[in-house]
Amino acid sequence: MRILVTGGAGFIGSALIRHIISNTSDDVLNIDKLSYAGNLDSLTPIASSERYSFQKLDICDSDSIKKAINVFQPDTIMHLAAESHVDRSIDGPADFIQTNIIGTYTLLEAAREYWNTLSEPRKTSFRFHHISTDEVFGDLHGSDDLFTESTPYAPSSPYSASKASSDHLVRAWQRTYGLPTIVSNCSNNYGPYHFPEKLIPLVIINALKGQPLPVYGEGKQIRDWLYVEDHARALYTVATKGKVSATYNIGGHNEKSNIEVVELICSLLEELAPNKPKGLSMYRDLISFVEDRPGHDLRYAIDASKIKEELNWMPEETFETGLRKTVEWYLENHQWWQSILDSSYQIERMGKGSQ
Ligand code: NAD
Ligand code: DAU
């Protein structure tokens with residue numbers, strides 16, 4: 001297969017491409033504009049493969065995207081490019097509207113034009129897989145409720161509203177134009193190559209530097225964590241075996257409150273990085289409760305039974321095994337995250353609100 005991946009220099013996109021190149025014989029074209037979140041270093045393990053290529057392009061640039069699609073002739077487009085950080089969407093929603101909504105629209109139109117040129121059997125087997133989030137469902141308040149594929153949309157933040165809009169566009173292009181689309185909605189990912197401003201890498205790195213570990217509000221919000229390599233396997237399964245027009249929820253069956261996550265990381269660091277910054281007795285002493293995120297969603301939890309029953313996908317990592325691997329990876333890969341911290345745009349955001 002020839003797979004065009006958008007956003008392949010990001011956290012999940014790079015895990016997906018590493019998975020495809022290492023475990024299949026497919027060709028991949030990675031299209032990414034290399035925003036602050038895009039990092040080609042995350043693709044070093046597979047960058048020399050003849051089956052991998054990269055083009056620096058903005059998905060909002062219609063002419064260039066159409067040209068790239070026509071030259072590459074994909075069998076499948078997997079669309080991950082997005083602005084993805086909720087806090088940034090609160091500080092400045094414009095980029096989120098542009099990339100997540102206008103960018104998805106632009107890509108859909110380019111894909112539709114290309115798909116209309118295909119002849120059978122390629123036309124029927126073509127897939128446009130849109131990668132989305134559980135945040136489109138808003139939050140859960142009961143302790144047993146789960147998001148299913150039919151949970152109504154109720155996004156809370158500019159980020160989740162822009163992703164919800166993009167999901168609606170994708171489904172409309174399927175229903176109106178017949179474009180063979182699939183949508184997947186996933187819970188919080190974690191693992192290697194995670195950008196250092198998201199909770200888990202932020203806490204690991206700040207702890208190693210002896211800096212405050214900012215916990216929003218009382219840290220009672222709950223997220224359902226999935227190891228990124230499990231998500232990459234799920235995405236490839238959905239793209240290759242999923243039913244056209246279907247939605248698949250993907251989750252880790254790992255519900256944890258934020259404070260539990262931060263405390264688990266501190267315990268792992270006690271074991272794996274016992275030589276602490278000078279003057280620090282316990283990593284957990286760095287925990288600092290800070291002002292809450294506006295509109296902060298309380299609880300996310302995914303019912304992933306459909307993807308298990310229809311496509312036989314299950315996560316392989318528990319939170320305990322995945323978090324240990326993640327902490328070990330950050331301890332062994334200082335250079336990857338230190339070069340991100342060394343760029344001036346990032347330094348000002350690390351530990352935002354921690355004073
Ligand atoms: P990320 O921010 O790490 O990566 C996004 C990538 O998209 C970056 O490489 C960036 O350069 C690229 N990009 C941004 N705007 C672009 C544009 N206009 N044109 C081309 N490329 C552009 O994000 P991520 O965490 O890897 O998330 C990937 C996708 O998965 C997103 O669509 C996100 O909504 C979704 N998702 C993320 C999670 C999560 O926990 N991180 C969970 C569920 C779904
Ligand atoms: O649920 C899927 C979503 O998960 C994806 O769609 C998003 O792209 C991804 O960024 C992630 O969103 P979150 O907002 O849940 O992730 P983040 O790592 O920013 O925050 C996780 C939780 O931790 C959230 O409840 C806010 C809290 N938090 C976050 C930061 C950065 C803190 O308490 N302190 C922090 O410094």
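Residues numbered from 1 in each chain as written. Chains lettered and ligands numbered in written order. Predicted model: local features only at pLDDT ≥ 70, side-chain atom pairs only at ≥ 80, totals over all residues. Heavy atoms only, no water.

## A word on the site of ligand 1
Keep this limit in mind: If a single non-hydrogen atom of a residue is within 4 Å of a molecule or strand, that residue counts as near it. Polar contact is defined as a pair of N or O atoms within 3.5 Å, subject to the rule that within protein one atom must be able to donate a hydrogen and the other to accept it, and that residues adjacent in sequence are counted only when both atoms are side-chain atoms. Runs of H or I in DSSP of at least four residues are treated as helices and runs of E of at least two as strands, each being numbered from the N terminus. In this classification, Asp, Glu, Lys and Arg are treated as charged, Ala, Val, Leu, Ile, Met, Phe, Trp, Tyr, Cys and Pro as nonpolar, and every other residue, Gly included, as polar.
The full set close to ligand 1 counts 28 residues, and Ile12, Asp32, Ser84, Tyr159 and Lys163 are the nearest of them. Within the backbone of Ser35, an N or O atom sits 2.9 Å from an oxygen atom of ligand 1. Between ligand 1 and Tyr159 there is a distance of 2.6 Å, counted from an oxygen atom to a side-chain nitrogen or oxygen. Of the residues forming the shell around ligand 1, the biggest block, 3 residues, is contributed by strand 5 (residues 127-133). Of the residues that constitute the shell around ligand 1, the class distribution is 13 nonpolar, 11 polar and 4 charged.

## Details of the pattern of salt bridges
The condition that has to hold: Within this document, salt bridges are pairs made up of a side-chain nitrogen of Lys or Arg and a carboxyl oxygen of Asp or Glu, the two lying within 4 Å of each other.
Overall, the coordinates contain 16 salt bridges when judged by the stated rule. Note that Asp230 and Arg233 form a salt bridge whose closest N and O atoms lie 2.7 Å from each other. Residue Asp230 and its partner Arg233 are located together in helix 8 (residues 228-241), separated by 3 residues, close to a single helical turn. In this structure, Glu310 and Lys243 form a salt bridge, with 3.8 Å as the shortest nitrogen-oxygen distance.

## Details of helix 11 (residues 319-332)
Spelled out, the test is: The span expected for a helix works out to 1.5 Å for each residue beyond the first. Only heavy atoms enter the contact rule, under which two residues are in contact if any of them lie within 4.5 Å.
Relative to the 20 Å expected for 14 residues at 1.5 Å per residue, helix 11 spans 20 Å between its end C-alpha atoms, a close match to the ideal helical length. Its buried side turned inward, helix 11 meets strand 7 (189-190), helix 7 (199-208), strand 10 (226-227), strand 12 (255-257), helix 9 (258-272) and helix 12 (334-341).

## Here's the deal with the UniProt feature "domain: NAD(P)-binding" (unreviewed entry) in the protein chain
Rule in force here: UniProt positions are given in the numbering used here, feature names are shortened, and annotations may be inferred rather than shown by experiment.
When the UniProt feature table is mapped to this numbering, "domain: NAD(P)-binding" (unreviewed entry) covers residues 4-326. Helix makes up 41% of residues 4-326 and strand 16%, with an end-to-end C-alpha separation of 28 Å.

## Some details on helix 9
Working note: α-helix, 3.6 residues per turn, so residues spaced by three or four point in the same direction. How we decide: To sort residues, take the accessible area from a 1.4 Å probe on protein chains only and compare it with the maximum for the residue type: under 20% means buried, over 50% means exposed, and anything in between is partly exposed.
For helix 9, with 15 residues, the first-to-last C-alpha span of 21 Å sits near the 21 Å given by 1.5 Å per residue. The set of residues buried in helix 9 consists of Asn258, Ile259, Val261, Val262, Ile265, Cys266, Leu268 and Leu269. Buried residues in helix 9 make contact with helix 7, strand 8 (213-216), strand 9 (222-224), strand 12, strand 13 (287-290) and helix 11.

## A look at the packing of helix 1 (residues 11-23) against helix 8
Our working rule: Axis lines are fitted to C-alpha atoms, over the contacting stretch for helices. Their N-to-C directions set the angle, which ranges from 0 to 180 degrees. Each angle gets one of four labels, with under 35 degrees taken as roughly parallel, over 145 as roughly antiparallel, 65 to 115 as roughly perpendicular, and the rest as oblique. By definition, turning the near helix anticlockwise from the far helix through less than a right angle yields a left-handed crossing, and turning it clockwise yields a right-handed one.
Following both chains from N to C, one finds helix 1 and helix 8 inclined at 65°, their axes separated by 9 Å at the closest point. With respect to helix 8, the element helix 1 is oriented roughly perpendicular. For the pair helix 1 and helix 8, the crossing hand works out as right-handed. For the pair helix 1 and helix 8, contact is made by Phe11, Ile12, Ala15, Leu16, His19 and Ile20 and by Val228, His231, Ala232, Arg233, Leu235 and Tyr236, respectively.

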